[in-house]
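# An overview of the molecular structure
Here is how the chains run, residue by residue.
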Amino acid sequence: MEAEVGEESRELNNNVMCQLADPEGTPLGASMYLPQSVGTKELQQMVNKLLNNEEKLPYAFYISDQELVVQLGDYLHKKKVSVEKVVTIVYQPQAVFRIRPVNRCSSTIAGHTEAVLSVAFSPDGQQLASGSGDTTVRLWDLNTQTPLFTCTGHKNWVLCIAWSPDGKHLVSGSKSGELQCWDPLTGRPSGNLLTGHKKWITGISWEPAHLSSPCRRFVTSSKDGDARIWDATLRKSVICLSGHTLAVTCVKWGGDGFIYTGSQDCTIKVWETTQGKLIRELKGHGHWVNTLALSTEYVLRTGAFDHTRKQYSSPDEMKKAALERYNNMKGNAPERLVSGSDDFTMFLWEPSVSKHPKTRMTGHQQLVNHVYFSPDGQWIASASFDKSVKLWNGITGKFVAAFRGHVGPVYQISWSADSRLLLSGSKDSTLKVWDVRTQKLKQDLPGHADEVFAVDWSPDGEKVASGGRDRVLKLWMG
Amino acid sequence: MGYKEPPAFSYFGLGFRRLSFSGFRFSIDRGVAERGSCSLKQLLRGCVCFNGSQFQSIVLCLSSTSIMPQGDYIELHRKRNGYRPDHFERKRKKEAREVHKRSQVAQTALGIKGKMFAKKRYAEKALMKKTLAMHEESSSRRKVDDDVHEGAVPAYLLDRDATTRAKVLSNTVKQKRKEKAGKWDVPLPKVRPVAEDEMFKVIRTGKRKTKQWKRMITKVTFVGQGFTRKPPKYERFIRPSGLRFTKAHVTHPELKCTFNLEMIGVKKNPNGPMYTSLGVVTKGTIIEVNVSELGLVTPAGKVVWGKYAQVTNNPENDGCINAVLLV
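Residues numbered from 1 in each chain as written. Chains lettered and ligands numbered in written order. Predicted model: local features only at pLDDT ≥ 70, side-chain atom pairs only at ≥ 80, totals over all residues. Heavy atoms only, no water.

### A closer look at a positive patch on the surface
- Together, B:Arg90, B:Arg92, B:Lys93, B:Lys94, B:Arg97 and B:Lys101 make up a region of like positive charge exposed at the surface.
- Positionally, B:Arg92 belongs in helix H5 (residues 87-108). (Patch = residues over 30% accessible without salt bridge, like charges linked within 9 Å, V, L, I, M, F, W, Y side chains within 5 Å. Areas by Shrake-Rupley, 256 points an atom, 1.4 Å probe, with all protein chains shown as cover. Salt bridge = Lys/Arg side-chain N within 4 Å of Asp/Glu carboxyl O. Lys, Arg positive; Asp, Glu negative; His and termini not counted. Charge placed at Lys NZ, Arg CZ, Asp CG, Glu CD. Helix = DSSP H or I, 4+ residues; strand = E, 2+ residues; numbered from the N terminus.)

Written out as structure tokens, the structure is:
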């Protein structure tokens, strides 16, 4: 008996040669012998020590893309990983804060007289705006969950809205090709309608706060094939980026100062912003490019604001804070771009490195409508018309998991600020919250009477807003 | 001939009146002489009778200037003497009256003539309207259409034509109504009837080959999976295995592509219920096919696996069954 126990204890105390590595592959420290009884807590302590972190940051560990949740020994035994070779354990920093999953509809606010086409929280999460087919933009009060302002002025459906990264301006684009800049505190237009585009606006993106503060410039894309850079203070179009032969479906202003435009002519063009010259053309897709996403997108959208809810007084302070956040997030790696297309595939690009795609992400059985990087840049989520949401590794582009549950095409997705939860809205009128760690459905949010066109998770993680064809705006809380 | 060729003397007469008396030429059309409508003597006699005093000399030449089509005479005169003084005014006024004349014709023409005229006139009117509209289109760019339409969709759905749900609903209602009435809207409503002697071949049996009660079916048949023949002594209808088919080439009328689908059964043969029960497949027969590979789904979410199709060819001639899906 004793001998057996001894043998068992010896087995348990068998050491495994392990090497810790960060997501990009660079090893951390030397390879070392770790007992098999070690678990995530011990590994976290080790990583924190090796990285000399002042505060204990949480990490998640992955062995060959599978998350390590149990003790190392059990894991190896289950997966039958050989103990002869060095086991590489990849650590990924997790957000310090944890967002609660939303599970109830706290209010249904009516107000729009036509379908709600776009919904956006301000970067600090204090304000909410929505654009609709009744040509109005409405601002909603989050504390009382009632309508705040109704901004009229557009002549046709309001297709896109975008907040500036400092939260001081709201721009909306309509189906007749005109843009209007609003002051969100009063709900009044900041000037006249900005005209220039000849067909409807498909996307709006502001210049990141760390590049210029206070926020002045934004770029818009339109069906007429060109993208325009506008100045909100001068109230006119400064540069016109023409080059695409068909409609430009999406536009993103990157953190390194480049503008990326994806178009129906199957190409993505990279432009520089001082003169509007074309720098690169990324070819590869076989059909329309529907959507683009940048790895630093969430940080660019929120600017200087983060979960600590700190308020900034001067634009310079904001710029500094935004730059700090951006650098933290970006690290040393180049900015990554993922594009989703009608040819059912997505490409992962590193536009500053080469014009050839890094990975081709196949697997969807219908067109990919929306792609979104997680706020920490570790994951890519893609929503497709084949009723599934797929999760991919944000750095290598490898497929991780598919979330099935919707019974209609999935239109839009949104991440929670801690990158642990993913929200999807679909044509079948439900929203679903998926857990990234367990790769399963966390919460089903039915309640809408018709298709859900737009979803957004507030950057402070408290609320989710969704709007659709049934003309009401629903706010969900945890 | 559009004009009556005048006899030879009137040529002369005309020629004489038209020309000023500075001398004239007349010619004899060889054709006229050949045809023998009048002999040369006659011609000369005629000529002499008509203008005895003025007759100076006769120049016979075989050119065709004096016997030419009517229009040419007119042209010739115009070349020599110019237009009539009032020609242009008369022309202008005649053309102005044309409009009233046409209108009068349009109002008074009766019967088939009137209908044909009205049809032509309408076609002209439509064409005129189109050209006017085309001219009115200006090349300058105008502002974008300002009407706010119903059914707002977000930007990612704008260039896509999504089937409206209302359409799906009304389709199901229509289907239900049709099923109730028992009427189907088929692509081939009428087919040529097949006679019994064409369908069956008499098989003589018995020791002396006198019994003639057996029949062999000469058309394509469909027998189910679990089909077993009756004992050969008692089977009246013989279905040759060479003419038995299980699959049909079914075309989807909207997708315009053809699938090779398994048959489930024969629903109705237009030639009669007997043929339906025998499983005979001729042109116009409604068959049921297994469409599970098409992936059709009802609005409720159930998967459709059987649908009706109508046969469009003569399978016994072609060796295959071609059908059109009834959607």
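### A look at the interface of chain A and chain B
- Opposite the 29 residues of chain A that make contact, chain B presents 19 residues.
- For the pair chain A and chain B, the summed buried area comes to about 2100 Å², and 55% of that belongs to carbon and sulfur atoms.
- Considering only the surface of chain A that becomes buried against chain B, A:Lys155, A:Trp157 and A:Lys198 emerge as the three largest contributors, covering 25% of it.
- Scanning the region where chain A abuts chain B turns up two salt bridges.
- One salt bridge in this structure joins A:Lys223 and B:Asp159, with 3.6 Å as the shortest N-O distance.
- For the interface between chain A and chain B, the tally reads five residue pairs in polar contact (both at pLDDT 80 or more).
- For the side of chain A that touches chain B, the per-class residue count stands at 11 nonpolar, nine polar and nine charged. (Contact = heavy atoms within 4.5 Å. Buried area = accessible area lost by both parts, 1.4 Å probe. Polar contact = N/O pair within 3.5 Å; in protein donor to acceptor, adjacent residues only side chain to side chain. Nonpolar A, V, L, I, M, F, W, Y, C, P; charged D, E, K, R; others polar.)

### Topic: the side chain of B:Thr285
Residues and elements named next belong to chain B.
- Structurally, Thr285 can be placed in the loop between helix H10 (273-278) and strand S8 (286-290).
- Take Thr285: its relative accessible area is 0%, and that puts it in the buried class.
- Only 2.6 Å separates the side chain of Thr285 from the backbone oxygen of Thr282, close enough to count as a polar contact.
- Excluding its chain neighbours within four sequence positions, the residues that come into contact with Thr285 are Val266, Lys268, Asn269, Pro270, Val280, Ala309, Gln310 and Val311. (Buried < 20%, exposed > 50% of the residue type's maximum accessible area, 1.4 Å probe, protein only.)

### A few points about the nonpolar core
- With 30 residues, the main nonpolar core has A:Trp415, A:Leu422, A:Leu423 and A:Trp457 as its most contacted residues.
- If you list the elements that add at least two residues to this core, you get strand S3 (59-63), strand S28 (379-384), strand S29 (388-393), strand S30 (399-404), strand S31 (410-415), strand S32 (421-426), strand S33 (431-435) and strand S35 (452-457) of chain A.
- Among the nonpolar cores identified, the runner-up in size contains 27 residues, and A:Val171, A:Trp230, B:Tyr156 and B:Leu157 belong to it. (Core = buried A, V, L, I, M, F, W, Y, C linked by side-chain atoms within 4.5 Å.)

### Observations regarding helix H4 (residues 70-81) of chain B
- In this model, H4(B) (12 residues) spans 17 Å end to end at C-alpha, consistent with the 16 Å of a helix rising 1.5 Å per residue.
- Residue B:Gly82 follows H4(B) closely and has a positive phi angle near 80°. (Expected span 1.5 Å × (residues − 1).)

### Focus: the environment of A:Lys330
All names here are of chain A.
- Looking at where Lys330 falls in the secondary structure, it is placed in helix H5 (residues 315-330).
- By relative accessible area, Lys330 is classed as partly exposed at 26%.
- For the pair Lys330 and Gly255, spaced 75 residues apart in the sequence, the C-alpha separation amounts to 9.2 Å.
- Excluding residues within four positions of it along the chain, Lys330 makes contact with Thr296 and Glu335.

### Considerations on the environment of A:Val407
- Secondary-structure assignment places A:Val407 in the loop between S30 and S31.
- Separated by 22 residues in sequence, A:Val407 and A:Ser429 place their C-alpha atoms 9.5 Å apart.

### Things to note about the sheet that holds S33(A)
Residue and element names in this part refer to chain A.
- Overall, antiparallel pairing links the four strands, which are arranged S31-S32-S33-S34 in an open sheet. A single partner strand is all that each edge strand has here, and the edge strands are S31 and strand S34 (440-445). Taken over all neighbouring pairs, the strand axes of this sheet differ in orientation by 25° on average, direction set aside.
- Judged from the five bridges that link them, S33 and S34 form a sheet pairing that is antiparallel. Across the sheet, Asp435 pairs through a bridge with Lys440, a residue of S34. (Pairing = 2+ DSSP bridges. Axes fitted to C-alpha atoms, helices over the stretch in contact; angles between N-to-C directions.)

### Quick look at the packing of H5(B) against helix H6 (residues 111-136) of chain B
All names here are of chain B.
- Where H5 meets H6, the closest approach of the two axes is 9 Å, and the angle between their N-to-C directions is 130°. With respect to each other, H5 and H6 are oriented oblique. Taking contact as the criterion, the partners of Arg102, Ser103, Val105 and Ala106 in H5 are, on H6, Phe117, Arg121 and Glu124.
- Classifying every residue of the contact of H5 with H6 gives three nonpolar, one polar and three charged. (Parallel < 35°, antiparallel > 145°, perpendicular 65-115°, else oblique.)

### Some details on the pairing of strand S15 (residues 201-206) of chain A
Residues and elements named next belong to chain A.
- In terms of burial, S15 is largely enclosed, as six of its six residues are buried.
- The sheet contact formed by S15 and strand S16 (residues 217-222) spans five bridges and is antiparallel. The residue of S16 that forms the bridge with Ser205 is Val219.

### Some remarks on the pattern of salt bridges
- Summed over all chains, the structure comprises 23 salt bridges over all chains.
- The partner of A:Lys252 in a salt bridge is A:Glu297, with the nearest N and O atoms 3.6 Å apart. Taken together, the positions of A:Lys252 in strand S19 (residues 248-253) and A:Glu297 in helix H4 (residues 297-302) put the pair 45 residues apart, joining distant regions of the chain. The same class applies to A:Lys252 as to A:Glu297, namely buried.
- For the salt bridge of A:Glu350 with A:Lys358, the shortest nitrogen-to-oxygen distance reads 3.5 Å.
- The network of salt bridges with shared partners includes B:Arg192, B:Glu198, B:Lys219 and B:Glu316.

### Quick look at the packing of aromatic side chains
All names here are of chain A.
- As enumerated under the stated definition, the model contains 12 aromatic pairs over all chains in all.
- Ring geometry for Tyr59 and Tyr91: centres 5.5 Å apart, planes at 85°, overall edge-to-face. Note that Tyr59 is positioned in strand S3 and Tyr91 in strand S5 (residues 87-93), a separation of 32 residues in sequence. Take Tyr59 and Tyr91: they sit in the same class, and that class is buried. (Phe/Tyr/Trp six-rings, centres within 6.5 Å; stacked < 30°, edge-to-face > 60°.)

### Some points on the pairing of strand S9 (residues 137-141) of chain A
Residue and element names in this part refer to chain A.
- Across the five residues of S9, five count as buried, placing the element largely inside the fold.
- Side chains Val137, Leu139 and Asp141 of S9 all project onto a buried face; the interleaved residues Arg138 and Trp140 project onto the opposite face, where all are buried too.
- In this structure, strand S8 (residues 127-132) lies alongside S9, joined through five bridges in antiparallel fashion. Bridge pairing in S9 links Ala129 to Leu139.

### Some words on the side chain of A:Ser107
- Structurally, A:Ser107 is set in strand S6 (residues 104-109).
- With residues up to four places along the chain from it excluded, the contact list for A:Ser107 reads A:Gln145, A:Leu473, A:Lys474 and A:Leu475.

### Re empty space enclosed by the protein
Residue and element names in this part refer to chain A.
- Scanning all chains against the criterion turns up four cavities of 30 Å³ or more.
- Roughly 1200 Å³ of internal volume is contained in the largest cavity.
- Along the walls of the largest cavity sit 50 residues, with Ile161, Ile204, Lys252, His370 and Gln412 positioned nearest its centre.
- Partitioned by chemical class, the residues of the lining of the largest cavity number 31 nonpolar, 13 polar and six charged.
- Space inside the second largest cavity adds up to approximately 60 Å³.
- If you go around the second largest cavity, the residues you meet are Tyr62, Glu67, Gln94, Trp379, Ser419, Arg420, Val436 and Arg437.
- In the lining of the second largest cavity, the residues fall into three nonpolar, two polar and three charged. (1 Å grid on protein atoms, 1.4 Å probe; cavity = no way out; pocket = protein on both sides within 12 Å on 5 of 7 lines; lining within 4 Å. Points joined across faces, edges and corners; volume = space filled by probe spheres on them.)

### So, the sheet that holds strand S5 (residues 237-238) of chain B
Residue and element names in this part refer to chain B.
- The strand order S3-S4-S5 describes an open sheet built from three strands, whose pairing is mixed. For this open sheet the edge positions go to strand S3 (200-205) and S5, each flanked by a neighbour on one side alone.
- Where strand S4 (residues 211-217) meets S5, two bridges bridge the pair, whose relative direction is parallel. When the bridges of S5 are listed, Met216 appears paired with Ile238.

### Details of unusual backbone geometry
- If you check the backbone angles, A:Thr135 has positive phi at about 65° while not being a glycine.
- Position of A:Thr135 among the secondary structure elements: in the loop between S8 and S9.
- With a phi close to 55°, B:Lys209 is a non-glycine residue in the positive phi region.

So far we have only geometry, and geometry alone does not tell us how the molecule works.
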